[in-house]
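Here are the chains, one letter per residue:
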Amino acid sequence: VHIRKLEKAVQDFDRTPGGEHPMLAAEIQNNLGRLVTNCTMQGKAHDELHKWLMPFLAVSTDYSKATDPQDQQQKFKEIQQALLVFNEYFE
């Protein structure tokens, strides 16, 4: 649920001109915090999710710290790409 919420926020941001990267970064961080706090997955699925999640956490942290517009846009694109990869492996 939390991944889908942050994915929707990224999609909405991409469709809306003039969006503010810091606001989106905060929303992503909030959803990731909820994901980690409410995680109930176990076993192989949990382990596989972590293979994707750990790099995504790093990119999202970098995105939230970025202040240069070009850096923000680059990290935003990395987040979009990571979400595409997520959808290749998870439903």
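Let me sum up the structure you'll find in this document. This is a predicted model, so every value here is computed, not measured.

## As for the overall build of the chain
- Within the chain one finds 4 helices and 0 strands.
- Ordering the α and β elements of the chain from the N terminus gives α-α-α-α.
- Taking 2.2 N^0.38 as the reference for a compact globule, 91 residues should give roughly 12 Å; the C-alpha atoms of the chain span a radius of gyration of 13 Å, in line with that estimate.
- Projected onto the principal axes, the alpha-carbon positions of the chain cover approximately 40 × 20 × 20 Å.
- Counting the 91 residues in the chain, one finds 33% classified as buried.
- When contacts within the chain are restricted to residue pairs at least 6 apart in sequence, those whose partners lie at least 24 apart make up 70%.
- Counting every atom, the chain has about 6,000 Å² of accessible surface; 54% of that belongs to carbon and sulfur.

## Describing helix 1 (residues 2–15)
- The end-to-end C-alpha separation of helix 1 is 20 Å, in line with the 20 Å expected for 14 residues at 1.5 Å each.
- Of all the positions in helix 1, only H2, I3, L6, E7, A9, V10 and F13 are classed as buried. Angularly, the buried residues of helix 1 cover 160° about the axis, an arc narrow enough to put them on a single face.
- Looking at the buried side of helix 1, the elements it contacts are helix 2 (21–37), helix 3 (43–65) and helix 4 (69–89).

## A short note on the packing of helix 2 against helix 4
- Contact geometry of helix 2 with helix 4 gives a least axis separation of 11 Å together with a crossing angle of 35°. The element helix 2 and its partner helix 4 pack so that their crossing is left-handed. On the side of helix 2, the interface is formed by H21, P22, L24 and I28, while helix 4 contributes Q72, Q73, F76 and I79.
- For the contact of helix 2 with helix 4, the residue count by class is 5 nonpolar, 3 polar and no charged.

## Concerning the side chain of N31
- Note that N31 resides in helix 2.
- Look at N31 and you get buried, because its relative accessible area is 3%.
- The residues touching N31, leaving out its near neighbours within four places in the chain, are H2, K5 and L6.

## Topic: the nonpolar core
- L24, I28, W52, F56, Y63 and I79 are the most contacted members of the largest nonpolar core, which totals 22 residues.
- When contributions to this core are tallied by element, the ones reaching two or more residues are helix 1, helix 2, helix 3 and helix 4.
- Among all residues touching Y63, those that are not within four sequence positions of it are F13, H21, L24, A25, I28, Q72, K75, F76 and I79.

## Side note on the packing of helix 2 against helix 3
- For the pair helix 2 and helix 3, the least separation of the axes is 9 Å and the interaxial angle reads 150°. In the packing of helix 2 onto helix 3, the handedness of the crossing is left-handed. Side by side, helix 2 and helix 3 meet where H21, L24, A25, I28, Q29, L32 and L35 of the first sit next to L53, F56, L57, S60, T61, Y63 and S64 of the second.
- Partitioning the contact of helix 2 with helix 3 into residue classes produces 9 nonpolar, 5 polar and no charged.

Quick notes on the rules
- Residues numbered from 1 in each chain as written.
- Predicted model: local features only at pLDDT ≥ 70, side-chain atom pairs only at ≥ 80, totals over all residues.
- Heavy atoms only, no water.
- Helix = DSSP H or I, 4+ residues; strand = E, 2+ residues; numbered from the N terminus.
- Rg over C-alpha atoms; globule rule 2.2 N^0.38 Å.
- Buried < 20%, exposed > 50% of the residue type's maximum accessible area, 1.4 Å probe, protein only.
- Contact = heavy atoms within 4.5 Å.
- Areas by Shrake-Rupley, 256 points an atom, 1.4 Å probe, with all protein chains shown as cover.
- Expected span 1.5 Å × (residues − 1).
- Arc of directions from axis to C-beta.
- Axes fitted to C-alpha atoms, helices over the stretch in contact; angles between N-to-C directions.
- Left-handed = near helix turned anticlockwise from the far one by under 90°.
- Nonpolar A, V, L, I, M, F, W, Y, C, P; charged D, E, K, R; others polar.
- Core = buried A, V, L, I, M, F, W, Y, C linked by side-chain atoms within 4.5 Å.

Take it as geometry only, folks, not as evidence of what the structure does.
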